[in-house]
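Coordinate inspection notes
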Amino acid sequence: MRRRVRTRMLAALLPLAIAGCAEAPKSTTRAPAPRVDASAAAVAGLDGAVTVASDRLGIPAIRAASREDALRALGFVTARDRLFQMDMLRRSSGGRLAEVLGRDLLEADTRQRLHGVAQAAAAIVARLPGSQRAALDAYAEGVNAYLRSAEALPVEFGQLGYRPEPWRPEDSVLVVLEMFRALSATEDAERMRTVMTRSLPERVASFLLDDTDPYTRALLGAQAPAPPPLPAPELRALVAQHRAARAPSAGVLGADAGEPPVGSNGWAVAGARTRDGRAIVANDMHLELGVPNIWYRAELRYGDSALAGVVLPGVPVVIAGTNGHVAWGMTNLMGDVMDLVRIEVHPERADTYRTPSGWARFEVAQETIEVRGEPDVAVTVRRTVWGPVAPRPLLGAPVAIRWAALDPEGVDLGLIEVDRARSVDEAADVMNAAGGPGCNVLLGDRRGRIAWTVTGRMPRRRGLDGSVAVSWADGRAGWDGYLPPAALPRVVDPPSGFVVNANHRMPLPEGAPALGRDHAHGYRAHRITERLREARPVAEADMLAVQLDTRAELFEVYRELALRALDGEAASRRPALAAARRALRAWDGRADVSSVGLPLLVRFRRALADEVFAAWLAPSRAAEPDLELDLPDIDTPLQRALAERSAELVPAREGGLDAFVLEALERAAASLEQQRGARPLDELAWGAVSRVRIAHPLGASPELAARLNMPDEPLAGCAACVRLASRRFGASERLVVSPGREAEGILHMPGGQSGDPRSPHYRDQQRAWVDGRPLPLLSGPAARTLTLVPDTLVPERR
């Protein structure tokens, strides 16, 4: 869903960017601003002067007397560099994109309005603790001071013909909820599990939905559950039915099946494994890449706090970084904080549904969505005691959405308190108490200690496990609030001397509750663990080298399968496969830009999966034709079935399994030839396929792409590598830091600090990111200095 929203944004912005503004949407106006020069500005609410020293990369080092003053300055400079991005984030979350981008974004806006995201943000702000509300107020004051003082707005506002509204504390929470949606909106996954569970034989559903692959089992050790049995009789029956129906052999798996989830790599290494006793934290967060980057680099010094790292534009919290005493990094927990509740509608009254307290009427409200250049659109919102009614039914029945993101008790800005943590224990306490998107947290402190824990509110369920949609009408199923912070798992100073998370299923302490499902494939975590076991002692450069690891062992199974089939007599009679054999034999096992053979292996894997899952999932497709069947792990069930060497488990035709394999290989080769031209397969390197494709929202046309998008060039890494690079996701930053040794820390990211294509800081970090070259975590010597002063010290302009 998030990919579709971004695609529609690009489509909507393209004609507007080329044609300019034909009609300006409704917008607010602003009063004349006090005149300021380039080295000073006035900010309402400041208690004292704040200095902002920006280095050659435009990274601001903010020095203030208090946290609130530092956040006012952060709001000011972030708006200066990323105002259009901030506005798009709050509009996307609040359901107000169509207002400025037009009808193409109406569907996305409608979903957000039906979910009641804007109302949730207001309710969340209303119950925040005083210190968190003060932080949001201060940040908003800084953003609005920039809006008043700016002599020119970013170019996108001119192209679209509107002025941004003043920033509110609720807007920062909207941005938090937008990240919440990216990380934990599991509605489609629960729909898929529900349909598969009800349409497939029980053993087949269990086999396909198991999220513990062989690499994860190796990491879990004795805690690993037994793998589900291979349901051979049931699979044979599904394949036979598929053959008899002569159904299509592709188009059942979703486009994102087998692709990496929104996730990250993170690990912490204890002092016993480093060169001088320091702890080191490494973190690279994998998100959808765009221009500008999702993160903004910043340093903040106030009182006895000194923070450095990355913030989310619009939110006054360092998401990954260091405070000089403790360093932290985040990975997606794959936590399950959303449930679909099957609604039992009254058989005679469509406006009434069953609840544990009896029959109740749906709460109904009207939302009005402004659409650029068109009449407003009215949307009817229905709510239940559990949450909003989903826009789409499930298996013909309505469902409600129970989601922590829409609960004022489920979200806060508690992470901001990490600025005062002085040990991994104190930092873990902060993380466990905070509300927000569920994340794994990797920690290290100045004493060389390390820890892993989680952050975010986790529902306490009764009568259900949250895997599929069920009715809550009789009161036996539901949520009883959230797990207390003390119940969340924590591992401190493990005997191994390091702790790793790459979105995989973690080994949990005895008695710890299960927090999620649909975890990422364990290969990345296994490879990182393998590298860390081999390395001792280590320093920051060694950790960056692990982040850049391009070993692609997951594809070795497919290489062996293809070469075995190619060794037969049939292959010798098909000259078109000769180049395929040479390419596969030449593969070096990596995803470097020079790696030959991997382009074919990636297509071959997908060709096999399309054929096999078209048969296995046919009943699920028939039950819910519009559902995207994006299985998170296609490799474990596919490889287990292929290892049986039985043509009856897959939709093989005449010639048995080897013939089936060769047909898939030929389709893969043909698709590569169609896309890449006549270049021989054994000369086609990975860099011809894996490319940097990082686009600005206005950069979809050839006229604007060269100026706005990052250069299209080869990129090392793959969807199954530690150095993750896929058609959707990549490393949005790479951080390596030892608390107390920040001067030796590393931080690079794609693009640059500024979202303004006219700025020298628009793309000046891109080269280091592509090349895997370290940039310093801390900002360098000041290239320019900005002084922010209380607005009471600036004479009013007459």
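Refer to the preceding data block for the structure.
Anyway, here's the lowdown on the structure attached to this text. Note that the coordinates shown come from a computational prediction; the quantities given were computed from them, not determined experimentally. (Residues numbered from 1 in each chain as written. Predicted model: local features only at pLDDT ≥ 70, side-chain atom pairs only at ≥ 80, totals over all residues. Heavy atoms only, no water.)

1. Brief notes about the pattern of salt bridges
Across all of its chains, the model carries 60 salt bridges by this definition. One continuous salt-bridge network, built from bridges that share partners, spans D87, R90, R91, R96, E99, E165, R168 and D171. (Salt bridge = Lys/Arg side-chain N within 4 Å of Asp/Glu carboxyl O.)

2. What about unusual backbone geometry?
That bond from V291 to P292 is cis: its omega, 0 degrees, falls within 30 degrees of zero. Take P292: it is sitting in the loop between β5 (280-288) and β6 (296-302). With an omega of -10 degrees, the peptide bond between R536 and P537 qualifies as cis. Structurally, P537 is set in the loop between α14 (523-534) and α15 (540-547). Residues other than glycine seldom take positive phi values, yet M334 does so here, at roughly 60 degrees. In this fold, M334 is placed in the loop between β9 (326-332) and β10 (338-342). Residue M334 is classed as buried on the basis of its relative accessible area of 12%. Not every positive phi belongs to a glycine, and L395 is a case in point at roughly 50 degrees. Locating L395 in the fold gives a position in the loop between β14 (374-383) and β15 (399-403). (Helix = DSSP H or I, 4+ residues; strand = E, 2+ residues; numbered from the N terminus. Buried < 20%, exposed > 50% of the residue type's maximum accessible area, 1.4 Å probe, protein only.)

3. Points about the packing of aromatic side chains
Applying the stated criterion across every chain, the model contains 12 aromatic pairs. Residues F84 and F157 carry aromatic rings whose centres are separated by 5.4 Å and whose planes lie at 85 degrees to one another, so their mutual orientation is edge-to-face. In this pair, F84 sits in helix α2 (residues 67-94) while F157 sits in helix α7 (residues 155-160), placing the two residues 73 residues apart along the sequence. We note that F84, like F157, is buried. One aromatic cluster in this structure is built from Y353, F362, W386, W472, W479 and Y482. Here R382 stacks its cationic end above the ring of F362, 4.4 Å away from the centre of that ring. (Phe/Tyr/Trp six-rings, centres within 6.5 Å; stacked < 30°, edge-to-face > 60°. Lys NZ or Arg CZ within 6 Å of the ring centre and 35° of its normal.)

4. Describing helix α21 (residues 635-643)
Within α21, seven of the nine residues are buried, which leaves it mostly tucked inside the rest of the structure. Among the residues of α21, D635, T636, P637, L638, Q639, A641 and L642 are the ones counted as buried. Those residues of α21 that are buried lie in contact with α10 (202-209), α11 (214-220), α16 (556-566), α19 (598-616) and α22 (656-676). Of the residues flanking the end of α21, it is R645, one or two places downstream, whose phi is positive at about 60 degrees. (Contact = heavy atoms within 4.5 Å.)

5. Some thoughts on the pairing of β15
Summarising burial for β15: five of the five residues are buried, a large majority. Both faces of β15 are covered, namely the face carrying V399, I401 and W403 and the face carrying A400 and R402. Of the strand pairs in this sheet, β10 and β15 are connected by five bridges, and their pairing is antiparallel. The partner of M338 across the bridge, within β15, is W403. (Pairing = 2+ DSSP bridges.)

6. A word on the side chain of R457
Take R457: it is sitting in the loop between β17 (450-455) and β18 (459-462). The class for R457 is buried, based on a relative accessible area of 18%. At a separation of 2.6 Å, a polar atom in the side chain of R457 contacts the main-chain carbonyl oxygen of E409. Within polar-contact distance, the side chain of R457 engages the backbone oxygen of A433 at 2.8 Å. Apart from residues lying up to four places away in sequence, R457 is in contact with V337, E409, G410, V411, D412, A433, A434, G435, G436 and Y482. (Polar contact = N/O pair within 3.5 Å; in protein donor to acceptor, adjacent residues only side chain to side chain.)

7. Re the state of the cysteines
Tallying each qualifying case throughout the model produces one disulfide. Note that C718 is cross-linked by a disulfide to C721, the S-S spacing being 2.3 Å. The sign of the 95 degrees torsion about the S-S bond sets the C718-C721 disulfide as right-handed. (Disulfide = S-S within 2.5 Å.)

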